[in-house]
Protein chains: 2
Amino acid sequence: MTNANNNTHNEMANAIRFLAVDAIEQSKSGHPGMPMGMADVATVLFTQFLNYDAQAPNWADRDRFILSAGHGSMLIYSLLYLTGYPDMTLEQIKNFRQYGAITAGHPEYGHATGIEMTTGPLGQGIATSVGMALAERMHNNRFGDDLVDHYTYVIAGDGCLMEGISHEAIDMAGHLKLSKLIVLWDDNEISIDGSTNMSTSTDQLARFEASGWDATRIDGHDAAAIAKAIEAAKASDKPSLIACKTTIGYGSPNKQGTSATHGAPLGPDETAATREALNWPYPSFEIPEHILQNWRTAAAERSAAHQVWTQRFDSADAETRAAFEFSIAGDLDEQLAATVEQVKKTFSDEQPKLATRQSSQKVLDALIQASPELVSGSADLSGSNGTKTSTYRPVNAEDFGGNYIHYGVREHGMAAAMNGIALHKGYVPFSGTFLAFADYSRGAIRLGALMEQRVVHVMTHDSIGLGEDGPTHQPVEHIASLRAMPNVLVFRPGDAVEVAESWQSALSQKSTPSVMCLSRQGMRNLRNEHQSENQVAKGAYVIQDCDGERQVTIMATGSEVEIAVDAANQLAEKGIQAAVVSMPCWELFEQQTAEYQQQVLGDTPRIAVEAAARFGWDQWLRDGDEFIGMPGFGASAPAPQLYEHFGITTANIVKAAETQTN
Amino acid sequence: MTNANNNTHNEMANAIRFLAVDAIEQSKSGHPGMPMGMADVATVLFTQFLNYDAQAPNWADRDRFILSAGHGSMLIYSLLYLTGYPDMTLEQIKNFRQYGAITAGHPEYGHATGIEMTTGPLGQGIATSVGMALAERMHNNRFGDDLVDHYTYVIAGDGCLMEGISHEAIDMAGHLKLSKLIVLWDDNEISIDGSTNMSTSTDQLARFEASGWDATRIDGHDAAAIAKAIEAAKASDKPSLIACKTTIGYGSPNKQGTSATHGAPLGPDETAATREALNWPYPSFEIPEHILQNWRTAAAERSAAHQVWTQRFDSADAETRAAFEFSIAGDLDEQLAATVEQVKKTFSDEQPKLATRQSSQKVLDALIQASPELVSGSADLSGSNGTKTSTYRPVNAEDFGGNYIHYGVREHGMAAAMNGIALHKGYVPFSGTFLAFADYSRGAIRLGALMEQRVVHVMTHDSIGLGEDGPTHQPVEHIASLRAMPNVLVFRPGDAVEVAESWQSALSQKSTPSVMCLSRQGMRNLRNEHQSENQVAKGAYVIQDCDGERQVTIMATGSEVEIAVDAANQLAEKGIQAAVVSMPCWELFEQQTAEYQQQVLGDTPRIAVEAAARFGWDQWLRDGDEFIGMPGFGASAPAPQLYEHFGITTANIVKAAETQTN
């Protein structure tokens, strides 16, 4: 690099630094250390490597850039402004961290264009990017290099690499040989508490190499070295880690290299001193024209690949173009409707006695044949979760043409990777584990909800009905804890037909993740007369009405609906009129009119039945109403014995109804 | 090893195998593959290395044995029977996985003696054992080699090493140079879905070495090699991984080496074939006398260390003995009472305006000086969480005499390590992270609740009150999701005095973990007249009564209590009598009498205020009552603006009360 080039580079990098410093100073809140430290790396990446088009931020074949160390959000906001994304105005930068600004404290997906995902909870970025890089390879397998051929770049911090999810991510990426995934680690040896040597001594290069990555260490302030390392990483047949040795808060004469720069403004004096030290005599928020011009010119050059891609796309045949666009749009409603209608008919006709995980498998058998966009998987419970369909073809490093991902025993990494697949577009991911292990993946489930991504978490073995595996494996509070989460649909279907309808509802929701709670144990079919209308879509409905005037309402979900129906039948024999309400999805029921809700729940006494904690059920219960469920943790024993022991029985429902109607 | 020795070893190992095979066959459920594969390793460990006393299972200086791969529970049950733990009878083995048996599907802490922790959720065992091994070193530092000097052995499976938590655990153990931690990895290359090469290709030895471990690979069916490897591991100055190359389902001629043996009984035919193959002509559940005798003799030899220890203990001075026993018993009530009384007085006198994370720090300053048993820490948020006290002394590989653990950015590993510290005994652990990251540690929080361990999770930044960091960092549903969990006390104190009382309540609960939800933002003190009685211990109470007859009740927790008090004061000026109920701990309130609950909540209209999801609040609300809180995810902005935006304001409470009392 010549001196002139070097000077240009430094000015461009300093533009990032001072936008960050000034915005954080103005908002009196934020994290300057990381943008200042990684400005050189980011400058090289955005001017020499990353293919993007600021004027067409959603160009499908763009390289992806993920700021896993999301607290350094001013790095990406600065970049988006300097490279000319139209919505990232200087006004937005000045309103950093203020209400309504697109420049939130951490990068929020959907706020500013060019933000590929929400980051902040550490480790999520690197794990989600594995899903993006995997989706790229799968999409490439389907549509070829002409339409799909891009890189995924990640900036990760020390914290990202300490989080457990990073292990799941790098093991998965190494195994799948995701060679177009390149992680730039901000190797500054500083975390919030101080030097990282207070809490870790892992040799990260050796660790990544052990998982099948290429790994190298460079001076993160040497533009030439950065470029050379990225070149090498692009050429590698493995995913690559580039440890960028940087100084946190680079340029701050009195604070750089310390955790003081991590999460607080530099303060006016130190900001002035930094201007001096970096030879940046310009006022706050002012980027000199020639520097801005250099950035805009570089950005224009980086967008050249978009033009070339568009030519290739335009010369593809119409069918390919349509299929490509369909996969990106991901609107499966028509396919869903036809398939679900057929499957429901079969269930109503054949009335199978199946665990809902098994009827789910039958639904998926049909759906996945109809939609090449669906991609299944499991965290090493393929047989148990019913996610392995008859068209099973595993995705692996030798064949990205499959429809099934063996995620390994990695629930958190799996959920994050699914977020990445959904964000990348081209595929609609679902995959399975046991409901009790929703606890492991909760961080990623929440981020998917916040990012409004359509991801379906199949969670089987959804109660004490799993029996002998005992309390560690028996979810009790998990359904409640997921219902508590904003923007998640929690389905717990009561028979095979409801399973089919739940899948239709889940996959037709384009901006909400779903959790499918499915039983291990067999259940008889209850909806034995075919209805085209999706009842589950209403969230709750009267699944079995009474003959005369209603005296009591029995509400239940999942495997307890059949117990409720049995109780209602016994009550009918005793002359007590009980209506049974199946409530497979509370969130959808909440969206119905008050009239409909009232009509379903009625005015008579209510009994709620769910083999789970009561927590949350009081939303539907009034004084004097009853709940029959779990008082605490479960136990290890055959399932029927556990239902008996915990009193979740037809007899107890009948007894409660008799007391209530007495 | 001579042939005779070899034969004896094989018979002893086969005794484990057939107890496992027969019990699983009888219960028609269970996991034979692991006990069959690891029987040789377990036999060597329990006959030649592990120091334990079956007749005194709680001997403080015993070596710890953790079956991280908990599905192989019949391995430990067989060992406990063969080595003569009195409660592990043949009858219990025959009742494997039946209701009421101590031989649950997965090993449950508190069921059978000799089970050091509950395992099953993969990775928890290895992560918890890090806490045990750390507590051992700390206790050793305090009481010396004579009283504390034992090893922690772990059997882990492929799944344990795939889980992200394993990374947090091994990074922490390597950093702390926990050289007395020895992990025996059942390296059988089989997971549930099939060969592990379907989902992972990490070189585990290289991975562990990268984190500062010794690592070696041996033939897990060669008794001499196993013994040699354990010898070497004991001599190492690093934690050790021994990869034991085994055949899953060893001895089953048609199923060994396949996932068919993992999670299902062998079946009668294959069981017979296995008897033939391993030359085991004995009927089900029958262990020939000479083999049982060999086991019992070996166990007696292994208990010799207990006798020697007892002599050493008896010759220690009285003060040391008392301090040692006090630390193991961990009854801090007296110290707590005195300290908390003092701190509360100071708060009531000085009426500080502090965030509850700050008043918590003041409480901890006092508590930790009074109790050398308390050990603090944080997942790299020491300054933010208020867990770093004035007596701060970090624990590290060079000094285990500290009282503060820098857990690193590892929330899940931290929570599991705290479980291990509590299970080990000698210390009472607490540590901090942000409440939003409770999602990351949830798996370990739940296991602590199930094992009934006193562990305090300090969770600060407990609402939108954290402001600019935005929705990724703002807990909304987390309080609800923790309240839903059985056997957890969720505290959300409303002022400094309540903070002190919450700590007293949490630490005096010996069989329940607690979560301390604390604010980032400042709050004024509300309890300005000193009361000795712990009000928080009742869960909820009238913190500010009205002058005349109550017309409305305003219920609130944490930082919203002061908003409720302000509203009540404004209402009083308008002539409306509002009582304010602080509800710092729902679970403790549920334990009060119906009369007390009624007296506190009253009969008048209720308004609940919490800057969180409504989910769960309907337990305390009736038709027509109001909830003021969060409708969904938060946003990035200064905290006061967010409270305003989401309508969690005095004005809105006043308005609601006026409407209700109109």
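Residues numbered from 1 in each chain as written. Chains lettered and ligands numbered in written order. Predicted model: local features only at pLDDT ≥ 70, side-chain atom pairs only at ≥ 80, totals over all residues. Heavy atoms only, no water.

All right, on to the overall build of chain A then. If you tally the helices and strands in chain A, you get 25 helices and 18 strands. The C-alpha atoms of chain A give a radius of gyration of 28 Å, which matches the 26 Å a tight globule of 662 residues would have. By principal-axis analysis of the C-alpha atoms, chain A measures approximately 95 × 55 × 45 Å. Out of the 662 residues belonging to chain A, those deemed buried represent 68%. In chain A, 78% of the contacts between residues at least 6 apart in sequence involve partners at least 24 apart. Approximately 20400 Å² of chain A is accessible, and the part contributed by carbon and sulfur atoms is 45%. Positive and negative side-chain charges in chain A, numbering 47 and 81 respectively, have mean positions lying 1 Å apart. (Helix = DSSP H or I, 4+ residues; strand = E, 2+ residues; numbered from the N terminus. Rg over C-alpha atoms; globule rule 2.2 N^0.38 Å. Buried < 20%, exposed > 50% of the residue type's maximum accessible area, 1.4 Å probe, protein only. Contact = heavy atoms within 4.5 Å. Areas by Shrake-Rupley, 256 points an atom, 1.4 Å probe, with all protein chains shown as cover. Lys, Arg positive; Asp, Glu negative; His and termini not counted. Charge placed at Lys NZ, Arg CZ, Asp CG, Glu CD.)

Superposing chain B onto chain A requires a rotation of 180 degrees together with a translation of 0.0 Å along the rotation axis, leaving an RMSD of 0.0 Å. Accordingly, the operation relating the two chain copies is best matched by a two-fold axis. Mapped onto chain A, 100% of the interface residues of chain B again fall at the interface, so both copies present the same surface. (Least-squares fit on C-alpha atoms with pLDDT ≥ 70 in both.)

What follows is about the UniProt feature "domain: Transketolase-like pyrimidine-binding" (unreviewed entry) in chain A. The positions UniProt marks with the feature "domain: Transketolase-like pyrimidine-binding" (unreviewed entry) are residues 354-525 of chain A. The span residues 354-525 of chain A carries 38% helix and 16% strand; its end-to-end C-alpha distance comes to 8 Å. (UniProt positions renumbered as here; feature names shortened; annotations may be inferred.)

Enumeration over the complete set of coordinates arrives at 16 cavities of 30 Å³ or more. Counted as a void, the largest cavity has a volume near 130 Å³. Around the largest cavity sit 13 residues that line it, and A:Glu168, A:His412, A:Tyr440, B:Ile165 and B:His412 are the ones nearest its centre. Those elements giving two or more residues to the lining of the largest cavity turn out to be α7 (164-175) of chain A together with α7 (164-175) and α17 (411-424) of chain B. (1 Å grid on protein atoms, 1.4 Å probe; cavity = no way out; pocket = protein on both sides within 12 Å on 5 of 7 lines; lining within 4 Å. Points joined across faces, edges and corners; volume = space filled by probe spheres on them.)

Taken together, the side chains of A:Asp203, A:Glu209, A:Asp214 and A:Asp237 make up a negatively charged region of the molecular surface. Along the chain, the position of A:Glu209 falls in helix α8 (residues 204-210). (Patch = residues over 30% accessible without salt bridge, like charges linked within 9 Å, V, L, I, M, F, W, Y side chains within 5 Å. Salt bridge = Lys/Arg side-chain N within 4 Å of Asp/Glu carboxyl O.)

It is common to report an interface's size as the accessible area lost on association of the parts. All names here are of chain A. Partitioning chain A into structural domains gives domain 1 (3-309), domain 2 (334-524) and domain 3 (539-661). With 29 residues of domain 1 at the interface, the matching set in domain 2 holds 34 residues. Roughly 2600 Å² is buried in total at the junction of domain 1 and domain 2, and carbon and sulfur atoms are behind 66% of that figure. It is Tyr109, Met138 and Met172 in domain 1 that bury the most area against domain 2; as a group they hold 23% of the surface buried on that side. A salt bridge links arginine 142 to glutamate 373, with the nearest nitrogen and oxygen atoms 3.1 Å apart. Elements with a contribution of two residues or more to the side of domain 1 that touches domain 2: α5 (124-143) and α7. Examining the composition of the side of domain 1 that touches domain 2, we find that 13 residues originate from one element, α5, more than from any other. Considered class by class, the residues forming the side of domain 1 that touches domain 2 number twelve nonpolar, eight polar and nine charged. (Domains from an automatic or database assignment. Buried area = accessible area lost by both parts, 1.4 Å probe. Nonpolar A, V, L, I, M, F, W, Y, C, P; charged D, E, K, R; others polar.)

Residue and element names in this part refer to chain B. Its location among the elements puts lysine 344 in helix α14 (residues 333-350). Polar side-chain contacts of lysine 344 include one of 3.0 Å to the backbone oxygen of glutamine 531. In this structure lysine 344 touches Val497, Ala500, Glu501, Arg527, His530, Gln531, Ser532, Glu533 and Asn534, once residues within four positions along its chain are discounted. (Polar contact = N/O pair within 3.5 Å; in protein donor to acceptor, adjacent residues only side chain to side chain.)

Moving on: the pattern of salt bridges. All names here are of chain A. Inspection of the entire model under this criterion finds 56 salt bridges over all chains. A salt bridge links aspartate 40 to arginine 17, with the nearest nitrogen and oxygen atoms 2.8 Å apart. A residue pair is termed long-range when its members are at least 10 positions apart, and aspartate 40 in helix α2 (residues 33-49) and arginine 17 in helix α1 (residues 3-27) qualify at 23 residues. Overall, aspartate 40 belongs to the buried group, its relative accessible area being 2%.

Turning to the UniProt feature "site: Important for catalytic activity" (unreviewed entry) in chain A, a few remarks are in order. In the numbering adopted here, UniProt assigns the feature "site: Important for catalytic activity" (unreviewed entry) to A:His31 and A:His262. Judged by maximum C-alpha separation, these annotated positions cover 232 residues in sequence but sit close together in space, the widest gap being only 5.3 Å. As for its placement among the helices and strands, A:His31 is situated in the loop between α1 and α2. By relative accessible area, A:His31 is classed as buried at 10%. Other than its neighbours up to four places away in sequence, A:His31 contacts A:Ile24, A:His71, A:Gly72, A:Arg97, A:Thr261, A:His262, A:Gly263 and B:Asp469. In this fold, A:His262 is placed in the loop between β7 (240-245) and α10 (268-277). A:His262 sits in the buried class, given a relative accessible area of 14%. Excluding residues that lie within four positions of it along the chain, A:His262 makes contacts with A:Gly30, A:His31, A:Pro32, A:Gly33, A:His71, A:Ile192 and A:Ile248.

In this complex, chain B contributes 96 residues to the contact, which on the side of chain A involves 96 residues. Interface area, chain B with chain A, both sides summed: about 7800 Å², of which 56% is carbon and sulfur. When residues of chain B are sorted by the area they lose upon contact with chain A, B:Tyr99, B:Arg446 and B:Phe615 head the list and together hold 10% of the total. The tally of links between chain B and chain A comes to six salt bridges. A salt bridge links B:Glu477 to A:Arg446; the nearest nitrogen and oxygen atoms lie 2.7 Å apart. There are 52 residue pairs in polar contact (both at pLDDT 80 or more) connecting chain B and chain A. For the side of chain B that touches chain A, the elements supplying multiple residues, two or more each, are α6 (158-162), α7, α8 (204-210), α16 (382-385), α17, α18 (438-450), α19 (478-483) and α24 (639-645) of chain B. Along the lines of polarity and charge, the residues of the side of chain B that touches chain A split into 35 nonpolar, 40 polar and 21 charged.

All right, on to the packing of aromatic side chains then. Residue and element names in this part refer to chain B. By the definition in use, this model includes 47 aromatic pairs over all chains. Note on phenylalanine 143 and phenylalanine 324: the rings are 5.2 Å apart at their centroids and 85 degrees apart in plane angle, and the pair reads as edge-to-face. Highlighted residues: phenylalanine 143 in helix α5 (residues 124-143) and phenylalanine 324 in helix α13 (residues 318-329), separated in sequence by 181 residues. When sorted by exposure, phenylalanine 143 lands in the same class as phenylalanine 324, which is buried. It is arginine 296 that lies over the ring of tyrosine 81; its NZ or CZ is 5.5 Å from the centre. Of note, arginine 483 hangs over the ring of tryptophan 586, and the distance from its end group to the ring centre comes to 3.7 Å. (Phe/Tyr/Trp six-rings, centres within 6.5 Å; stacked < 30°, edge-to-face > 60°. Lys NZ or Arg CZ within 6 Å of the ring centre and 35° of its normal.)

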